[in-house]
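Letter by letter, the chains look like this.
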Amino acid sequence: MPNNFKMDLTNLDDIEIYELLLQGRISNFPLGFWSNRSEEEAKDVAIKLLKYLIEERLKFNKEDVKREVSKMFLTKYKLHIASKLFGAQLFVMLNAFLA
């Protein structure tokens, strides 16, 4: 029997939604999570979520970031949209984190 339970995400902030995604409680970001934002706002959110992942969840230091963070890393942690937003400038996003 399929699970038809729908979770109301409207009152959650971006990090709370991302945490649900990391926990496997939701399978994707909600519809419109990225597309209902300007490109600049989407980039800001991507940086915020990456900082949360690296600083709070994984507790990486700057050397860990330099060694571990890649497009494959972003895909593993459900932030592959970040590499699409930043394109070839993925390191611009990483520099924003390291700043």
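One can find the structure itself at the top, above this paragraph.
Residues numbered from 1 in each chain as written. Predicted model: local features only at pLDDT ≥ 70, side-chain atom pairs only at ≥ 80, totals over all residues. Heavy atoms only, no water.

K.L.:
Sorry if this is basic, but what is going on with the layout of surface pockets here?
P.N.:
Any space left empty among the atoms is revealed by the rolling of a water-sized probe across them. A volume near 180 Å³ is recorded for the largest pocket. Contributing to the lining of the largest pocket are 13 residues, with Asn28, Phe29, Trp34, His80 and Ile81 lying nearest its centre. Here the lining of the largest pocket takes three residues from helix α5 (residues 80-86), the largest share from any one element. Residue composition of the lining of the largest pocket, grouped by class: six nonpolar, five polar and two charged. (1 Å grid on protein atoms, 1.4 Å probe; cavity = no way out; pocket = protein on both sides within 12 Å on 5 of 7 lines; lining within 4 Å. Points joined across faces, edges and corners; volume = space filled by probe spheres on them. Helix = DSSP H or I, 4+ residues; strand = E, 2+ residues; numbered from the N terminus. Nonpolar A, V, L, I, M, F, W, Y, C, P; charged D, E, K, R; others polar.)

K.L.:
Would you take a moment to explain the nonpolar core for this structure?
P.N.:
Soluble globular proteins tend to pack their nonpolar side chains together in the buried interior. One finds Tyr18, Phe29, Trp34, Leu49 and Leu79 to be the most contacted residues of the largest nonpolar core, which totals 30 residues. Among the secondary structure elements, those contributing two or more residues to this core are α1 (14-23), α2 (39-57), α4 (71-76), α5 and α6 (90-98). Of the residues forming this core, the biggest block, nine residues, is contributed by α2. If sequence neighbours within four positions are ignored, Trp34 has contacts with Phe29, Ala42, Val45, Ala46, Leu49, Ile81 and Leu85. (Core = buried A, V, L, I, M, F, W, Y, C linked by side-chain atoms within 4.5 Å. Buried < 20%, exposed > 50% of the residue type's maximum accessible area, 1.4 Å probe, protein only. Contact = heavy atoms within 4.5 Å.)

K.L.:
Just checking my understanding: could you explain the pattern of salt bridges for this structure?
P.N.:
Any two side chains of opposite charge can pair, so long as their charged atoms come close to each other. Counted by the stated rule, this structure contains eight salt bridges. The residue Glu19 makes a salt bridge to Arg57 at a minimum N-O spacing of 3.0 Å. Pair noted here: Glu19 is in helix α1 and Arg57 is in helix α2, with a separation of 38 residues, a long-range link. Given a relative accessible area of 15%, Glu19 falls into the buried group. Under the relative-accessibility criterion, Arg57 is labelled partly exposed at 34%. Among the charged side chains, a network of salt bridges with common partners joins Asp14, Arg37, Glu41 and Lys48. (Salt bridge = Lys/Arg side-chain N within 4 Å of Asp/Glu carboxyl O.)

K.L.:
Mind showing me how you'd approach the packing of aromatic side chains here?
P.N.:
Aromatic ring pairs are described here by two measures, namely the spacing of the ring centres and the angle between the planes. In this structure the tally under the stated criterion is seven aromatic pairs. Summarising the aromatic geometry, the rings of Phe33 and Trp34 are spaced 5.0 Å apart at their centres and angled 80° between planes, so their arrangement reads as edge-to-face. Since its relative accessible area comes to 13%, Trp34 is described here as buried. Sitting over the ring of Phe33, Arg37 keeps its end group 4.6 Å from the ring centre. Across from the ring centre of Phe86, 5.4 Å away, lies the NZ or CZ of Lys43, which sits over that ring. (Phe/Tyr/Trp six-rings, centres within 6.5 Å; stacked < 30°, edge-to-face > 60°. Lys NZ or Arg CZ within 6 Å of the ring centre and 35° of its normal.)

K.L.:
Help me out: how do you make sense of the environment of Glu40 in this one?
P.N.:
Topologically, Glu40 is positioned in helix α2. In this structure the C-alpha to C-alpha distance between Glu40 and Leu85, which are 45 residues apart in sequence, comes to 9.3 Å.

K.L.:
Quick question: what am I supposed to make of the environment of Lys43 here?
P.N.:
Looking at the secondary structure, you find Lys43 in helix α2. Sequence separation between Lys43 and Ala82 is 39 residues; the distance between their C-alpha atoms is 7.1 Å.

K.L.:
Is there a simple way to explain α1 in this structure?
P.N.:
In an α-helix, one full turn covers 3.6 residues, which means residues spaced three or four apart are oriented alike. Within α1 the residues assigned to the buried category are Asp14, Ile17, Tyr18, Glu19, Leu20 and Leu21. Close packing links the buried residues of α1 with α2. A distance of 3.1 Å separates the backbone nitrogen of Ile15 from a side-chain oxygen at the start of α1, and that oxygen is part of Asp13. With its phi angle positive at about 80°, Gly24 sits one or two positions after the end of α1. (Polar contact = N/O pair within 3.5 Å; in protein donor to acceptor, adjacent residues only side chain to side chain.)

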